[in-house]
Amino acid sequence: MVMKIKGILKIVYRWMAKVTGIRLYLLVSDVIGVRPYPYERRDLLKNAADFKKVRASLVMNQKWVPYPAYKDRAGWDDFLGDYKDDYIRKGEDCLGYEWKVIKATDYMEFGRSGDQAVMEIPYGENRTALEYLFLAEMAEGGGRFIDQIINGVFYCCEMTTWALSAHLWNQKDGGYLPSHKEHIIEMGSGGLASLLAWIYYYLSPSFDKVNPMISNRLLYELRTRILDTYMGTDRFRWMAFTPIPTEHINNWTPWNNFYVLQCFFLIETDRDRLAEAVCRTMVSMDHFINYNFDDGACEEGTFYWEYAAGKLYDYLQLLYDGTAGAVSIFDSHILRNMGEYMVRSYVGDGWLVSFADSTAIGHIDVDMIFRYGKAVKSREMMHFASYLKGLPAKREVPQGDIFRLLQTLLYRNELTGTDEPPEKPPYTWYPKTEICYMANNAEFFVAAKGGYNGESHNHNDVGSFALYINSIPVFLDAGVGTYTRKTFSSERYSIWTMRSEYHNIPVINGVSQGVGRSYRAKDTVFDSVNMCFSVNIAEAYPREANVKIWTRSYRLSDGSLQINDRFSLSKACSPNRVVFLTWGMVDISEPGIVTVDIKGIKALLMYDKDIFSPVVEPVLIDDPRLYNIWGRKIYRVILVARRQTLFGSYSYTVVSEKKKCD
């Protein structure tokens with residue numbers, strides 16, 4: 001019944017958007033409190049430039065490209081610097097590369113078992129080899145790598161699809177065997193297309209000396225698969241081409257529009273068609289910006305920041321270059337907030353806040369953060385990047401996404417390292433996304449959240465928190481494991497990392513949190529004077545939890561974290577169970593104290609022994625994405641209420657052992 005009502009509401013929302021207009025739709029949604037997703041009509045790009053302005057400002061014939069011409073050998077020597085020999089060696093290693101065939105069964109395996117790696121591994125190896133060969137040719141410039149590049153280009157042109165198997169659900173024909181009747185634009189096809197577009201731009205004259213059919217075929221495939229497909233369809237959900245989007249708008253929108261814009265700027269020579277395409281991407285990107293809150297937090301988590309806000313920056317930088325700076329929104333405060341979110345979410349020593357589909361230790365593109373910070377005039381981002389650049393690390397040759405790689409080389413002399421750590425603010429509060437960070441003398445760092453259980457890349461974690469002491473996670477958010485078909489299906493919440501009972505929140509009356517936007521936080525407040533974040537999480541639980549109020553608060557004081565639960569239930573059916581997820585060595589032998597010892601950090605969770613009985617449950621980990629961070633085992637510390645009551649309060653205090661001794 002509930003699913004039928006939600007379906008009817010979705011139809012009504014779409015009708016209201018089309019018939020009554022977006023302003024009335026948003027007004028009514030706010031009044032009745034059922035707006036399906038966050039959305040604020042800013043339209044920054046639309047307001048920055050109309051079609052006439054875009055058309056007039058376009059830098060045609062690829063004269064916007066800021067890198068040396070292929071024949072400018074001195075320019076490339078200077079551009080690559082001491083990386084030149086590295087790229088040549090990588091290319092030499094690929095001169096004998098055997099291009100991997102991706103079999104039909106490799107694609108279909110995702111539909112059969114959910115395994116996407118069997119297709120993505122050979123796909124990725126081919127793309128990496130092609131990139132290395134291209135960079136080697138740009139570094140050397142003598143034609144030694146051209147034949148093998150042609151082999152790779154020809155192989156790509158012969159592929160039925162450039163899309164990843166996991167994303168072939170976009171096909172009209174369905175299934176996971178690529179259809180020859182249509183083309184799909186997503187991150188795989190977009191990333192490969194952008195690499196091929198750069199190869200076409202730089203090396204088509206060299207190809208023509210071998211056989212003009214090579215360049216002609218590559219141009220045909222780029223136009224057919226990307227340019228014509230983008231202009232000829234509205235059906236990809238990430239485009240968001242509706243009066244108001246009725247689905248989540250997430251990282252797919254900036255990620256794919258960025259790739260599309262690269263292809264248009266690199267190969268389109270007709271001014272009117274290019275202007276039309278650029279404006280089309282601007283409409284789509286406006287929807288993405290509109291979807292985000294002004295506070296700038298990334299509800300998808302820190303892992304996806306690089307592909308959400310990060311790709312938004314890449315897109316805007318490309319748009320800026322391609323219009324000679326005439327189309328720019330870098331002075332918008334939301335862009336700065338979105339950029340600085342990543343800085344604020346860095347705890348230290350490589351650890352990141354890992355809400356949603358994130359990992360607690362993740363890759364940070366320091367060079368991109370520096371460029372982003374420079375564009376939006378954020379000294380905080382630039383200093384953060386300089387600090388990470390100054391940390392001892394093995395020398396790494398820039399690689400990966402071809403645009404970011406070239407941009408890193410372009411700006412490499414501007415980003416210099418510093419050993420001066422950035423100042424961490426005592427708190428950061430994102431009032432609309434309902435995420436709060438609190439820090440105390442660089443020893444304690446607390447991340448807590450409200451939100452709702454229908455966020456993009458959602459985990460059922462309304463009211464949860466993570467605690468770090470001296471940058472080491474003590475009570476943790478496990479993050480996300482390796483993606484499979486189950487991850488983005490109706491079975492998502494059968495995965496333990498997604499479920500609320502594996503987050504630092506209570507199981508009320510034996511019931512865990514529900515799935516969907518209606519299961520949400522209420523009365524979320526942050527008191528910066530008393531450093532206290534509080535949230536009523538009662539509505540995050542289904543009706544059978546019989547909870548009227550459950551207010552969870554986190555108060556950070558000098559060297560301790562106080563956690564309080566105040567609740568009122570309509571029925572007391574089962575003992576409440578309060579969960580704390582941790583790792584390392586756990587000891588509950590002393591009544592009233594849970595001792596956690598991790599990497600030299602010893603923390604004490606103190607509770608009322610007359611109210612709770614502690615239980616420790618191991619959680620075995622067999623997923624490499626998780627055990628490479630946490631090891632093979634983490635623990636659920638569960639405080640089980642000794643009595644069932646209709647109302648009351650619980651309190652818990654976390655201190656370091658050093659603080660207790662003091």
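See the structure above.
Given the structure is predicted, the values throughout are model-derived calculations rather than measurements. (Residues numbered from 1 in each chain as written. Predicted model: local features only at pLDDT ≥ 70, side-chain atom pairs only at ≥ 80, totals over all residues. Heavy atoms only, no water.)

Draft legend 1. Quick peek at helix α8 (residues 117-140). Its 24 residues give α8 an end-to-end C-alpha distance of 34 Å, which sits within 8% of 34 Å, the value for a rise of 1.5 Å per residue. With its phi angle positive at about 75°, Gly141 sits one or two positions after the end of α8. (Helix = DSSP H or I, 4+ residues; strand = E, 2+ residues; numbered from the N terminus. Expected span 1.5 Å × (residues − 1).)

Draft legend 2. Molecular detail of the environment of Glu186. With respect to the helices and strands, Glu186 occurs in the loop between α9 (146-158) and α10 (187-210). In the structure, Glu186 is positioned 16 residues away from Asn170 in sequence and 9.1 Å away in space, judged by C-alpha atoms. Once residues lying within four places of it in the same chain are set aside, the contact partners of Glu186 are Trp162, Ala163, Leu164, His167, Trp252 and Asn256. Here the side chain of Glu186 touches Leu164 through a polar contact of 3.4 Å, landing on its backbone nitrogen. Side-chain polar atoms of Glu186 contact the backbone nitrogen of Gly188, separated by 3.0 Å. (Contact = heavy atoms within 4.5 Å. Polar contact = N/O pair within 3.5 Å; in protein donor to acceptor, adjacent residues only side chain to side chain.)

Draft legend 3. Highlighting the pattern of salt bridges. Under the definition given, this model contains 41 salt bridges. Here Asp86 ties to Arg395 by a salt bridge, and the two come within 2.7 Å at their closest N and O atoms. Of this pair, Asp86 sits in helix α6 (residues 84-93) while Arg395 sits in the loop between α18 (379-390) and α19 (402-411); the two residues are 309 residues apart in sequence, bridging distant segments of the chain. Beyond isolated ion pairs, a larger network of salt bridges with shared partners links Glu306, Lys311, Asp314, Asp365, Asp401 and Arg404. (Salt bridge = Lys/Arg side-chain N within 4 Å of Asp/Glu carboxyl O.)

Draft legend 4. Focus on the nonpolar core. Ranked by internal contacts, the top residues of the largest apolar core, which has 216 residues, are Trp198 and Trp630. For this core, the element with the most residues is α10, which contributes 12 residues. If sequence neighbours within four positions are ignored, Trp198 has contacts with Trp64, Val65, Tyr67, Phe134, Gln262, Leu266, Ile402, Phe403 and Leu406. (Core = buried A, V, L, I, M, F, W, Y, C linked by side-chain atoms within 4.5 Å. Buried < 20%, exposed > 50% of the residue type's maximum accessible area, 1.4 Å probe, protein only.)

Draft legend 5. The pairing of strand β21 (residues 647-656), seen in detail. Across 9 bridges, strand β14 (residues 560-569) lies against β21 in antiparallel orientation. Each residue of the ladder has a partner; that of Asn564, found in β21, is Ser651. Pairing of strand β18 (residues 601-607) with β21, which is carried by 5 bridges, proceeds in the antiparallel orientation. Its bridge partner lying in β21, Met606 is registered against Thr653. (Pairing = 2+ DSSP bridges.)

Draft legend 6. Focus on the side chain of Glu299. Along the chain, Glu299 turns up in the loop between α13 (271-291) and α14 (302-305). For the buried Glu299, no salt bridge exists, and the shortest N-O distance to an oppositely charged side chain is 6.6 Å, to Arg517. Polar contacts involving the side chain of Glu299 include one to the main-chain amide nitrogen of Ser456, which spans 2.9 Å. (Lys, Arg positive; Asp, Glu negative; His and termini not counted.)

Draft legend 7. Summary view of the packing of α9 against helix α11 (residues 212-232). With their axes 10 Å apart at the nearest point, α9 and α11 run at an angle of 40° to one another. Judged by the inter-axis angle, α9 sits oblique to α11. α9 and α11 meet at a crossing whose hand is left-handed. Within the contact between the two elements, α9 uses Ile150, Val153, Phe154, Cys156, Cys157 and Glu158 and α11 uses Ile214, Arg217, Leu218, Glu221 and Arg225. Considering only residue class, the contact of α9 with α11 consists of 7 nonpolar, no polar and 4 charged. (Axes fitted to C-alpha atoms, helices over the stretch in contact; angles between N-to-C directions. Parallel < 35°, antiparallel > 145°, perpendicular 65-115°, else oblique. Left-handed = near helix turned anticlockwise from the far one by under 90°. Nonpolar A, V, L, I, M, F, W, Y, C, P; charged D, E, K, R; others polar.)

Draft legend 8. The sheet that holds strand β13 (residues 547-557), seen in detail. Pairing within the open sheet is antiparallel, and its 8 strands lie in the order β11-β12-β13-β14-β21-β18-β17-β16. A strand with exactly one partner marks an edge of an open sheet, and here the two such strands are β11 (522-527) and β16 (585-587). Across the sheet, the mean angle separating the axes of adjacent strands is 15° when strand polarity is ignored. Sheet analysis places strand β12 (residues 532-536) next to β13, joined by 5 bridges and oriented antiparallel. Paired with Ser534 across the bridge in β13 is Ser553.

Draft legend 9. Structural context of the packing of aromatic side chains. The full count for this structure, using the stated rule, is 50 aromatic pairs. Both rings, one in Tyr427 and one in Phe526, keep their centres 5.1 Å apart while their planes meet at 50°; by these two values the pair is tilted. Residue Tyr427 is found in strand β3 (residues 427-430), and its partner Phe526 is found in strand β11; the two are separated by 99 residues along the sequence. Overall, Phe526 belongs to the buried group, its relative accessible area being 12%. An aromatic cluster is defined as three or more aromatic residues linked by ring pairs; in this entry it consists of Trp64, Tyr67, Trp76, Phe79, Phe134, Trp198, Tyr201, Tyr202 and Phe265. It is Arg625 that lies over the ring of Tyr483; its NZ or CZ is 5.3 Å from the centre. (Phe/Tyr/Trp six-rings, centres within 6.5 Å; stacked < 30°, edge-to-face > 60°. Lys NZ or Arg CZ within 6 Å of the ring centre and 35° of its normal.)

Draft legend 10. Examining the side chain of Arg42 more closely. Along the chain, Arg42 falls in the loop between α2 (22-32) and α3 (44-48). Of note is the side chain of Arg42, whose polar atom sits 2.8 Å from the side chain of Asp294. Once you skip the residues sitting within four places of it in the chain, Arg42 turns out to touch Asn47, Ile289, Asn290, Asn292, Phe293, Asp294 and Ile334.

Draft legend 11. Expanded view of unusual backbone geometry. In the Ramachandran plot, Glu434 falls in the positive-phi region, its phi being about 65° despite a non-glycine side chain. Take Glu434: it is sitting in the loop between β3 and β4 (435-440). Residue classification places Glu434 among the buried positions, given a relative accessible area of 15%. Positive phi is not limited to glycine here, since His457 has a value of about 60°. As for its placement among the helices and strands, His457 is situated in the loop between β6 (452-453) and β7 (465-469).

What is shown is where atoms sit, not what they do.
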